[in-house]
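Chains, contacts and geometry: an overview
Read off the chains here:
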Amino acid sequence: MIYPTRRAIYLLLLGAPMALALGLVQPELWLVAPGWIGAIVACLILDTIAGANPRHLALDARFPHQVGVGDPFDLALAARGPAVPPRAELALALDERFVEGGRLAGDMRRTVAGEELTRTISLIASRRGQAQIEALWIRWAGPLGLVWKQRRFAIDGAISVVPSLRAVTEEGSRLFQRNSWFGLRQQRLRGEGTEFEALAEYQPGMDRRAIDWNASARHVKLLAKEYRVERDNRVVLAIDSGRTMAEPVGGMPRVDRAVSAALLLAYVGLKLNDRISFFSFAAKPQTLTPAYMHTQDFPALQRAASVIDYAHVESNFTLALTTLGAQLNRRSLIILFTEFTDATSADLMIRAAGRLVKKHRLLFVVIKDEEVESEERRRPESAADVTRSNVAAAMLRDRQLVIARLQRLGAEVVEVPADAMGASAVEAYLGIKRAGTL
């Protein structure tokens, strides 16, 4: 497609007042106006012929066919041809998961070799699902700047946005390096766990409470008990996918952050030979996977996490936790990723948790509401700021009230920043295992 630029239109329109002025001064010079228009048209034709031809361009678009939600990736674009301009503008039509409004504009630059126009665009998917990259428009001005030369390329590419495994690959290895004694082998953990392993001579640094005074009296030297951490525990990763969890925090929905953190927990739990299963719910229970205990079962948990959808309805904690409790026939650790805003709406959740915590160990993982905290701490400058600060303070008080009520019931609550959700949840899980309270 070739069409005139704004400069060409202005030059053509300039002929009308010029002809009027010349006609008023010297009527015989009216022929200057048609001559001016003819000259501009000739320049348009010359500008169209000169330079690169859009029909001779070929596009090469490279992008991954699967990315994790919240993980950055590159979309590489290269337009090749016999003669390419030094610079061109681009417009890209793509899914709203990548950019708000579904449209991205920019420019492309010619390479040093002068054979192609290139541009690498960094994108981040904000939600899971099948995302489309539809088409690319490239245009550039002719040598005289009078015409735009444009070409549309249909890309029609699809990218599957799946739960992110970045936390599993990066945080998992880091956590295992820091907790190297938590491997696949059962090692002796002095003063840790609840399963008795053996008696050993007391060494400085060991827990004094582990000293066996009867055995020490018989052997006339201090002996201490060594324990090992329990294995083969049942761990259920429960993810709330209701309305509050579908809201974004830090550019990504809470449920996606919860899924990524749950996958990291699942990876660590499988490494420790625990039995891991996923459970999700919104208005009703959605899925409960079998209990897996081998690392080769991790892809099955990943597939189960991929089908956890966004729901814009209120979560039914009573039905979900009652259903989950009925399907667990042994004491389990239930790690619940959820969100609560006020004490009134969380009342049913607290009641359901109270029934569940009588038999099972319950750990709540919630994201800190940093936006509300910043509003509460911000110095007010107007009456509206005072109102916002008071409302934010009331919301934070209700939130702390809910946390306190859950803790009084015997449940643990971990309130973490959004970016550190996975690592903090794993630390809480490892702390429970060290204490041997499952």
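Use the structure listed above.
Counting from 1, residues in each chain are numbered in the order their sequence is written. Given that this is a predicted model, residues contribute local features only at a pLDDT of at least 70 and side-chain atom pairs are listed and counted only at 80 or more, while totals for whole chains, interfaces and linings are drawn from all residues. Each side-chain value is derived from all of the structure's non-hydrogen atoms; neither hydrogens nor water enter the calculation.

**Looking at the packing of helix α6 (residues 254–271) against helix α12 (residues 421–435)**
Their axes nearest at 8 Å, the elements α6 and α12 cross at an angle of 40°. The angle between α6 and α12 falls in the class oblique. For the crossing formed where α6 meets α12, the hand is right-handed. Where α6 abuts α12, its residues Arg257, Ala258, Ala261, Leu264, Leu265, Val268 and Gly269 lie against Met421, Gly422, Ala423, Ala425, Val426, Tyr429 and Leu430. Interaxial angles span 0 to 180 degrees and are taken between N-to-C directions of axes, which are lines fitted to C-alpha atoms, for helices over the stretch in contact. Helix and strand definitions here come from DSSP, where helices need a minimum of 4 consecutive H or I residues and strands a minimum of 2 consecutive E residues; each element is numbered from the N-terminal end. Angles are sorted into four bins: roughly parallel if under 35 degrees, roughly antiparallel if over 145, roughly perpendicular if 65 to 115, and oblique for all others. Left-handed is the label given to a crossing in which the near helix is rotated counterclockwise from the far helix by less than a right angle, and right-handed is the label when the rotation is clockwise. Residue contacts are defined here by distance: any two heavy atoms, one from each residue, within 4.5 Å place the two residues in contact.

**Brief notes about the pairing of strand β5 (residues 87–94)**
Burial classification: accessible surface area is computed with a 1.4 Å probe over protein chains only, and a residue below 20% of its type maximum counts as buried, one above 50% as exposed, and the rest as partly exposed. Of all eight residues that make up β5, six are buried, and the element is covered over most of its length. By the bridge criterion, seven bridges tie β5 to strand β6 (residues 103–110) in an arrangement that is antiparallel. Across the sheet, the residue bridging to Glu89 is Asp107, located in β6. Both β5 and strand β8 (residues 129–141) contribute to a ladder of six bridges, which runs antiparallel. If you follow Leu90 over to β8, its bridge partner there is Ile138. In this description, strands pair whenever DSSP reports at least two bridges between them.

**Some thoughts on the sheet that holds strand β19 (residues 412–416)**
Paired through their backbone hydrogen bonds, the strands of a sheet run either parallel or antiparallel. The strand order across the open sheet formed by six strands is β16-β15-β12-β17-β18-β19, and the pairing between neighbours is mixed. In the strand order of this sheet, the two ends are held by β16 (285–288) and β19, each with one partner. Going across the sheet, the axis of each strand differs from the next one's by a mean of 20°, ignoring polarity. Across five bridges, strand β18 (residues 361–367) lies against β19 in parallel orientation. Paired with Val365 across the strands is Val414, a residue of β19. On top of the sheet, helix α11 (residues 383–409) reaches β18 and β19; it is set at about 145° to β19, its chief contact.

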